[in-house]
Amino acid sequence: MPTYLDANATTQISSSARDAMVNALNVGPLNPSSAHSSGEQARKLLTAARDDAAKLFGDIFPEDVIFTSGGTEGNWIAIQTFLRLGDTQLISSQIEHPSVANPISTTRNNVLIGVDARGHVKLKELSEALTSSALPTMVSVQWVNSETGVIQPITEIVQLVRDIRPEAFIHVDAAQAVGRVPLDFEGIDFATCSAHKLHGPHGIGLLYVSDHAVERLPGYMNGAGQERGIRPGTENVPAAIGMAAAFTERAENFDQHNAYMQTLRDAFETALKSRLPNIRINGENSPRVGNTSNVCFPGHDAMALIAALDANDILCSFGSACSSGKPEPSKTLLAMGLSETDAYCSVRFSVSIMNTESEIEEAAQVISRVVRDFNDNNGRGIQRTI
Ligand SMILES: Cc1ncc(COP(=O)(O)O)c(C=O)c1O
């Protein structure tokens, strides 16, 4: 069995989530909008799933979260809903996931804020951008970076936005934060998450929408009005139930699960550093989620290293998971000040609660051996093949 160290890309569905889904699939036709008794049953199941899944979203009303197909759709709905206001300004950062960065890049008045060496959004640039235009404004920032695991100071960012532009909208991509950091949506208008990052099924997620946003923004999608009209379409009840089971498991074991993942990650980094003293951990001194390790192997092309590790049953990734395969250096690492060469030499390892201590120990040994083999082969690491 390969050792899967790519949990930020996706995770294995948990047995409780799978069982809950299978049970729901066996219940029968479940359309929460139907007027008959089967519809009533579906509504009850969906309400319970919403209540349970929302537990990881901090102190909110479950009715404020709507079901989506995942992080990409949640981000898209938040951004497109705001853009329907007409002439607007979108402020975001240089390190967003493509599901935020790409839609924003096509808008007219967008400002991309830089980050410092720790990977934190530069607050001075943010305040300048907030005062630079009187247009209706949305600020869109991620909570946790998928590549480095660096946690943004969201409370400080929200406070700054509210101090300067109290009426502005704030969107937070929380796809990598849910279940990994405690969340507080005070002052936030939209927050997105995705079930498959947390041992839930693919194709389902949640979007939190504040009353402030619902009252002021025109809807983006039109349809039969499900999910408060924000994301119409018949809800996927079995997937919602699967997500709720996975999220409940995390909510009930939040501290233990996160402490366990951090122990694995720290052991991994310590073992790697002792065997390969010249490696660097990108974002090491920043507040990071406990499951992510972004390692620069100076002189070693990440794509070739990942292929060699794959051949040795270690699965990891380069750059953002969704864009891996693209031969481009990571925008996040470049924005943090890494050279293009070092960005090309950086690999992401991300663990989940399904990894074991012995797997991690062995993975560190295998990685060190593969890197040393590269060194021995040509004396100066491997050449860039991309
Ligand atoms: C930060 C972030 N946002 C959004 C997404 C997209 O989520 P989904 O795969 O559910 O569309 C991802 C997926 O990697 C992500 O890491």
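What counts and what doesn't
Residues numbered from 1 in each chain as written. Predicted model: local features only at pLDDT ≥ 70, side-chain atom pairs only at ≥ 80, totals over all residues. Heavy atoms only, no water. UniProt positions renumbered as here; feature names shortened; annotations may be inferred. Buried < 20%, exposed > 50% of the residue type's maximum accessible area, 1.4 Å probe, protein only. Helix = DSSP H or I, 4+ residues; strand = E, 2+ residues; numbered from the N terminus. Pairing = 2+ DSSP bridges. Axes fitted to C-alpha atoms, helices over the stretch in contact; angles between N-to-C directions. Contact = heavy atoms within 4.5 Å. Phe/Tyr/Trp six-rings, centres within 6.5 Å; stacked < 30°, edge-to-face > 60°.

The chain carries the name Cysteine desulfurase in an unreviewed UniProt entry, which gives Roseibium suaedae as its organism. Database annotation for the chain, UniProt heading Function (unreviewed entry): "Catalyzes the removal of elemental sulfur atoms from cysteine to produce alanine. Seems to participate in the biosynthesis of the nitrogenase metalloclusters by providing the inorganic sulfur required for the Fe-S core formation."

Colleague: Any details on the pairing of strand 2 (residues 65–68)? Residues and values, ideally.
Modeller: Burial along strand 2 is two-sided: Val65 and Phe67 and Ile66 and Thr68, pointing in opposite directions, are all buried. Across 4 bridges, strand 2 lies against strand 8 (residues 205–209) in antiparallel orientation. From the neighbouring strand, isoleucine 66 faces strand 8, where its bridge partner is leucine 207.

Colleague: Please set out the sheet that holds strand 7 (residues 190–194) residue by residue, giving values where relevant.
Modeller: Pairing is mixed in the open sheet, where 7 strands are placed in the order 2-8-7-6-5-3-4. Looking at which strands have only one partner, the edges of the open sheet turn out to be strand 2 and strand 4 (110–113). On average, each strand axis in the sheet is inclined to that of its neighbour by 20°, with strand direction left out of account. Judged from the 3 bridges that link them, strand 6 (residues 169–173) and strand 7 form a sheet pairing that is parallel. Bridging from a neighbouring strand, aspartate 173 pairs with threonine 192 of strand 7. Strands in contact with helix 2 (residues 37–53) are strand 2 and strand 8; relative to strand 2, the strand with the most contacts, it is inclined by about 110°.

Colleague: Can you lay out the packing of aromatic side chains for me, pointing to particular residues and giving the numbers?
Modeller: Here a ring pair, both rings aromatic, is described through the centre-centre distance and the interplanar angle of the planes. Evaluation of the coordinates by the stated rule reveals 7 aromatic pairs. Note on phenylalanine 57 and phenylalanine 185: the rings are 5.0 Å apart at their centroids and 75° apart in plane angle, and the pair reads as edge-to-face. In this pair, phenylalanine 57 is assigned in the loop between helix 2 and strand 2 and phenylalanine 185 in the loop between strand 6 and strand 7, connecting sequence segments 128 residues apart. Centroid distance phenylalanine 318 to tyrosine 344: 6.4 Å. Interplanar angle 5°. Geometry classified as stacked. You can see phenylalanine 318 sitting in the loop between strand 11 (314–315) and helix 11 (331–335) and its partner tyrosine 344 sitting in helix 12 (residues 340–344), a full 26 residues away along the chain. Pair check on accessibility: phenylalanine 318 and tyrosine 344 agree, each one buried. Through pairs of rings, three or more aromatic residues link up here, namely Phe57, Trp143, Phe185 and Tyr208.

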